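These are the residues of each chain, in order.
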Amino acid sequence: MLPSTNPRLEDIQKKILEIFKAISKICENNDLRYYAIGGTCLGAVRHKGFIPWDDDLDIAMPLQDFLKFKKIAETQLPSHLKIMDCNQAIHFNSIFMKVHDETTAFIEDFFMQYRDCYFGIYVDIMPLTGIPEEGPNLQRFLHVKKMYGRLNNLRRFPLSERKTIKSKLIWLLFSPLRIVFPFNYFTQKWYDFIASFDFDTSNYTGYVWSENLPKLIFDKKAFEDYVYLDFEDTKIRCPQGWDEYLTIQFGDYMQLPTQEEQVCKHPAIIDLHQSYREYK
């Protein structure tokens with residue numbers, strides 16, 4: 001395998017910022033909504049840019065804007081930037097997409113054995129939908145979403161990924177699904193299900209792509225509009241209710257974590273000068 005160039009984190013962040021600017025330009029030109037979320041929103045508020053030890057950038061879009069962006073981006077992104085999603089790689093098991101730079105490499109440890117999931121330095125774009133209010137409807141929503149997520153993983157990953165006897169038995173029980181259904185079948189069912197909960201007419205939204213969803217549900221009022229906050233040498237849109245939103249996700253978000261916790265979240269081979277294709 002080619003050696004990693006071990007680039008400086010600052011240089012990785014600069015490359016990510018270039019990708020974000022291309023995404024932002026498309027959103028501005030086509031009247032598409034997006035919001036910085038998670039550590040990206042926190043970085044804008046607390047650091048006026050990247051969290052100093054962070055190696056990614058996350059934005060979310062209401063699902064209708066998310067789907068429009070995906071279609072428009074095919075022709076409006078610079079030629080070296082491409083979309084990676086669940087329809088292009090068997091082992092890409094998420095319901096969000098990445099916009100990645102094909103001239104670089106960002107190969108995460110988890111995907112090292114799955115070469116179809118090698119990609120370049122990227123920005124993650126997540127879909128936002130409505131979420132039912134507390135009660136039976138919410139419990140059903142969580143149950144169905146979890147079911148499609150698990151079936152999606154069963155369809156996409158081999159038996160070797162199962163670590164317990166129970167999970168191995170479940171995989172064997174459902175293994176005929178791998179023959180009957182295309183690899184993206186349950187991901188599309190997942191998308192279709194969450195699409196039935198409209199973002200604009202709901203009172204709540206949240207991280208529909210996350211297994212931690214019960215803890216990551218937010219009052220939709222926080223996302224009714226956006227505000228521009230400083231982010232490095234540009235501006236980024238954050239939810240208008242960023243204080244309430246960040247408090248739910250992070251608690252006392254202005255408090256810095258301990259020195260030991262100030263580490264990058266994605267162990268990976270990272271190369272700014274050679275494409276991920278060279279590593280295949």
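All residue numbers refer to position in the chain's written sequence, counted from 1. Reporting in this predicted model follows two pLDDT cut-offs: at least 70 for local features of residues, and 80 or more for side-chain atom pairs to be given and counted; totals over whole chains, interfaces and linings ignore these cut-offs and use all residues. As a rule here, side-chain values cover all heavy atoms of the structure and leave hydrogens and water aside.

*Asks:* Would you explain the overall build of the protein chain in this entry?
*Replies:* When you go through the protein chain residue by residue, the secondary structure sums to eight helices and eleven strands. Computation of the radius of gyration draws on C-alpha atoms alone. For the globule rule, the value is 2.2 Å times the number of residues to the power 0.38. For 280 residues, the compact-globule estimate of 2.2 N^0.38 gives 19 Å, and the protein chain sits close to it at 19 Å. For the C-alpha atoms alone, the extent of the protein chain along its principal axes is close to 50 × 50 × 45 Å. Partly exposed residues are those whose accessible area sits between 20% and 50% of the maximum for their type, while under 20% is buried and over 50% is exposed, using a 1.4 Å probe and protein chains only. Every one of the 280 residues in the protein chain was classed for burial, and the buried ones make up 52%. The helix and strand labels rest on DSSP assignments: H or I over at least four residues marks a helix, E over at least two residues marks a strand, and numbering proceeds from the N terminus.

*Asks:* Can you walk me through the nonpolar core in this structure?
*Replies:* Only buried residues count toward a nonpolar core. Its members are Ala, Val, Leu, Ile, Met, Phe, Trp, Tyr and Cys residues joined through side-chain atoms within 4.5 Å. In this structure, I23, F69, V99, I125, F141, W209 and F223 are the most contacted members of the largest nonpolar core, which totals 89 residues. Take this core: its biggest share by element is ten residues, from helix α1 (residues 9–29). Any pair of residues with heavy atoms lying within 4.5 Å of one another is described as a contacting pair. Leaving out residues up to four positions away in the same chain, V99 has contacts with I19, I23, F69, L77, L81, K82, I83, I121, Y122, V123 and I125. Residues Y118, I269, Y276 and Y279 belong to the second largest nonpolar core, which totals six residues.

*Asks:* Which parts of the structure should I look at to understand the environment of P62?
*Replies:* In this structure, P62 sits in strand β2 (residues 58–62). Take P62: its relative accessible area is 0%, and that puts it in the buried class. Spatially, the C-alpha atoms of P62 and P127 are 5.7 Å apart, while their sequence positions differ by 65 residues. Discounting chain neighbours no more than four positions away, the residues touching P62 are R33, Y35, L128 and F199.

*Asks:* Got a minute to help me understand the pairing of β2 in this structure?
*Replies:* Each regular strand carries side chains that alternate between the two faces of the sheet. Across the five residues that make up β2, a large majority, five, are buried. Two strands make a pair as long as DSSP finds a minimum of two bridges between them. Two strands pair when backbone bridges link them, and strand β1 (residues 35–36) and β2 are joined in this way by two bridges, in the antiparallel orientation. In the strand pairing of β2, A36 is matched with I59.

*Asks:* Sorry, what's going on with the sheet that holds β2 here?
*Replies:* Pairing between sheet strands relies on hydrogen bonds along the backbone, with the strands arranged either parallel or antiparallel. If you walk across this open sheet you meet the five strands as β1-β2-β6-β4-β3, and the pairing is mixed. The strands lining the two open edges of the sheet, one partner per strand, are β1 and β3 (81–84). Of the strands in this sheet, β2, β3, β4 (97–101) and β6 (122–128) touch α1, which is tilted by about 40 degrees from β6. The convention used is that axes are lines fitted to C-alpha atoms, helices contributing only their stretch in contact, and that angles between N-to-C directions extend from 0 to 180 degrees. Across the sheet, helix α3 (residues 63–76) touches β2, β3, β4 and β6, and the angle it forms with β2 is around 110 degrees.

*Asks:* What is the right way to look at a nonpolar patch on the surface in this model?
*Replies:* Only residues whose relative accessible area exceeds 30% and that take part in no salt bridge are eligible for patches, with like-charged residues grouped when within 9 Å of each other and nonpolar side chains (Val, Leu, Ile, Met, Phe, Trp, Tyr) grouped when within 5 Å. Per-residue and other accessible areas follow the Shrake-Rupley method at a 1.4 Å probe size, with only the shown protein chains counted as cover for residues. The salt bridge definition used is simple: a Lys or Arg side-chain nitrogen within 4 Å of an Asp or Glu carboxyl oxygen. Taken together, the side chains of I165, L169 and L172 make up a nonpolar region of the molecular surface, amounting to roughly 330 Å² of accessible area. Its location among the elements puts L169 in helix α5 (residues 165–174).

*Asks:* Hey, could you run me through the packing of aromatic side chains in this one?
*Replies:* Working definition: an aromatic ring pair is given by the centre-to-centre distance plus the angle between the planes. Between 30 and 60 degrees the pair is tilted, below 30 it is stacked and above 60 it is edge-to-face, where a pair is any two Phe, Tyr or Trp rings, Trp via its six-membered ring, whose centres lie within 6.5 Å. Under the criterion given, the structure shown has 23 aromatic pairs. On the basis of an interplanar angle of 40 degrees and a centroid distance of 6.2 Å, the ring pair of F66 and Y191 is categorised as tilted. Of this pair, F66 sits in helix α3 while Y191 sits in helix α7 (residues 185–195), and the two are 125 residues apart along the sequence. Y191 shares its class with F66; the two are buried. Where F218 meets F223, the ring centres are 6.2 Å apart and the plane angle is 45 degrees; that geometry is what we call tilted. Each member of the pair, F218 together with F223, is buried. Site record: aromatic cluster; members linked through ring pairs are Y35, Y207, W209, F218, F223 and Y245. Lysine and arginine charges are scored as sitting over a ring when NZ or CZ, respectively, is within 6 Å of the ring centre and within 35 degrees of the ring normal. Above the face of the F199 ring, K220 is positioned so that its terminal group lies 5.0 Å from the ring centre.

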